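Letter by letter, the chains look like this.
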Amino acid sequence: MSRSRQIAINAVSQWTVTTVSAVLGLVLVPFLIAKLGQDGYGLIAVVLAIAGVCTLADLGISGALGRQLAESLARKDEGKYRELLSTALALHLALGLIASSTVFLLAPQLARSFGLPQSLYHIGVFLLKTYGAAHVLFTFLMPSAKAVLASHNRFDKSSQIDAVRRLCDAAGLFLVLASTNAGIVGWAVVCITTDVVSVVLLWRAAAKVHTGLRIGIAMIGSSGLRELFALGCQFSVLQLSGQISTHANPFILTTCLGPASVALYRPPTQILSVLYSVVMTVSGQLHPLATKAHVEGDKRDLIAILSRGTKYTMLMGAVSCAILIPFAQPLCKIWLSKGLGDQYMVCTAVLTIQTITQLCAFAGGTQWAVLLGMKRTAFAAYARMVLALLNIVSSWILVKYTSLGVLGAVLPTMALELVWRPILALYVCRTVKMSFRAYLREAYCSPFLIATVVTFIALGVRLVAPLETLWDLGRATGALTAIAAILVWFGGLTPTDRIGLVNLTKSFLPHRYLVPQEINQKTTL
């Protein structure tokens, strides 16, 4: 199978999962708020954040493993592949047990430290001891299997399993919470069950993708351990900074304003999490290809991955943000006003600020994939840590000592991202020896011009058409998406890009829809 075809399959699989997640999120968030209450929903967010922080005990092994397995495949070194995988799984199992036990034992202290009201304290402790501890352990059993799939560029398998997990999770929650009074206990039982299903499916998929997959204690080696920790320490720093940026805000808000404030912060975050998954699908699967290009010394391919990958990412990301920002207010009103009342306006402001922040992240494009492939991640990792610490301190001060409330947790993140992205772009261009001016021209010029046009059109739609129902919003978004697609096709893609996309599309068509000449072309892709 051609590289482009596999990338397309991976992307479509991930987009399907993201679409399913978005639809389920639109329905689940108000459903959970109604069934668990605003405080109960905020408590779930805090527990998930605690579980997310525990993944820092991974020490960067997960990220390093995917990259090193891809290099072993490129070098056709099966012995090294098995050694790395066995060593990583043993480490994951040990670290997962330690982290899970820590959450279980410290559950009362954790619940007390986040200022939970007395009515939620005991259920908070229960949730941490059951779902929190179990989820942490299962989280450590998944990355090794995902790394096997990633090394073979089979991200579509991970996406399919994720889709099954989300559907089972949603169906279970609706069934249990709508038909019983189980509340948070029922939520925990459903989520633990879907975690077990995910672990089993991931390892079955890994065994099918990598023929002859073998893991054993005898295969654990010190050289594999050194490789994983050499790159893993940088991943660990990057993961720590990412977890601080992602999970510190719920802690800060809960401590300063109470768990109900998290219910104003989390819904916009969920929307942007879906958007991020859609836009970053292609760039997120390119690090094995960048690793292969680096191993083979193919500088031209590395530059192509950087410039073209960033442009495609920005074409999707900038246009999406150009639609989302003007429509933030009607979206939050339609989606959240029933459960939050007039407080949906706070969600609107949070969503707008976070969308600008997300646009900065999209501007990163395939920069990280290229740095990872070249094993030049130190600068990005340690600089991100400094920015994350500045972010958490700034957010704490603004939430605690100003009247900004929830907005104080998101404004510093936006400001720091606006500063950081040009710095990283300069560094990556120097690393691959590409002109920074050429990179700006090739990767960013057309996406920003198209996004500007789409923004003005969206603002015009807001002025002339009241968006008062989900149907109104869907029609307007669909029309804007169609206009944006036309602008991208004729203004964002080069003739070569368009020809390649047409040929790629034809490669998925059944033979009966192709003329004989096209069939011959398809078989040679």
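That block above? That's the structure.
Residues numbered from 1 in each chain as written. Predicted model: local features only at pLDDT ≥ 70, side-chain atom pairs only at ≥ 80, totals over all residues. Heavy atoms only, no water.

**Student:** So what about the nonpolar core? Which residues, and what values?
**Tutor:** Core analysis: the biggest nonpolar cluster contains 145 residues, and Leu65, Leu127, Trp187, Phe327, Leu351 and Tyr439 have the highest contact counts within it. In terms of residue count, helix α1 (residues 3–54) provides more of this core than any other element does, 19 residues in total. If near-sequence neighbours (up to four positions away) are discounted, Phe327 is found in contact with Ala458, Val461, Arg462, Leu467, Leu473, Ala476, Thr477 and Leu480. (Core = buried A, V, L, I, M, F, W, Y, C linked by side-chain atoms within 4.5 Å. Buried < 20%, exposed > 50% of the residue type's maximum accessible area, 1.4 Å probe, protein only. Helix = DSSP H or I, 4+ residues; strand = E, 2+ residues; numbered from the N terminus. Contact = heavy atoms within 4.5 Å.)

**Student:** Quick one: what's the story with the environment of Cys191, residue by residue and with numbers?
**Tutor:** Tracing the backbone through its elements, the reader meets Cys191 in helix α8 (residues 183–209). Note on Cys191: relative accessible area 7%, which makes it buried. Each C-alpha atom, one on Cys191 and one on His135, is 8.3 Å from the other, the two residues being 56 residues apart in sequence. Those residues in contact with Cys191 that sit more than four places away from it in its chain are Tyr131 and Asp169.

**Student:** I'd like to hear about the layout of surface pockets, residue by residue, with values.
**Tutor:** By volume, the second largest pocket amounts to about 260 Å³. Surrounding the second largest pocket, 15 residues form its lining, Ala70, Ala74, Pro288, Leu289 and Lys292 being those nearest its centre. Mapped onto the lining of the second largest pocket, the elements with two or more residues apiece are α2 (61–74) and α12 (287–295). In terms of residue count, the dominant contributor to the lining of the second largest pocket is α12 (4 residues). Of the residues contributing to the lining of the second largest pocket, the split by class is 6 nonpolar, 3 polar and 6 charged. (1 Å grid on protein atoms, 1.4 Å probe; cavity = no way out; pocket = protein on both sides within 12 Å on 5 of 7 lines; lining within 4 Å. Points joined across faces, edges and corners; volume = space filled by probe spheres on them. Nonpolar A, V, L, I, M, F, W, Y, C, P; charged D, E, K, R; others polar.)

**Student:** An account of helix α20 (residues 445–464) is needed here, citing residue identities and associated values.
**Tutor:** With 20 residues, α20 extends 30 Å from end C-alpha to end C-alpha; this agrees with the ideal 28 Å at 1.5 Å per step. Buried within α20 are the following residues: Ser446, Pro447, Ile450, Ala451, Val454 and Ala458. The buried side chains of α20 occupy one side of the element, clustering within an arc of 120° when seen end-on. Among the exposed residues of α20, those oriented more than 90 degrees off its buried face are Leu449, Phe456, Leu463 and Val464. Considering only its buried residues, α20 is in contact with α13 (299–324), α19 (436–443) and α21 (470–492). (Expected span 1.5 Å × (residues − 1). Arc of directions from axis to C-beta.)

None of this, on its own, says anything about what the molecule does.
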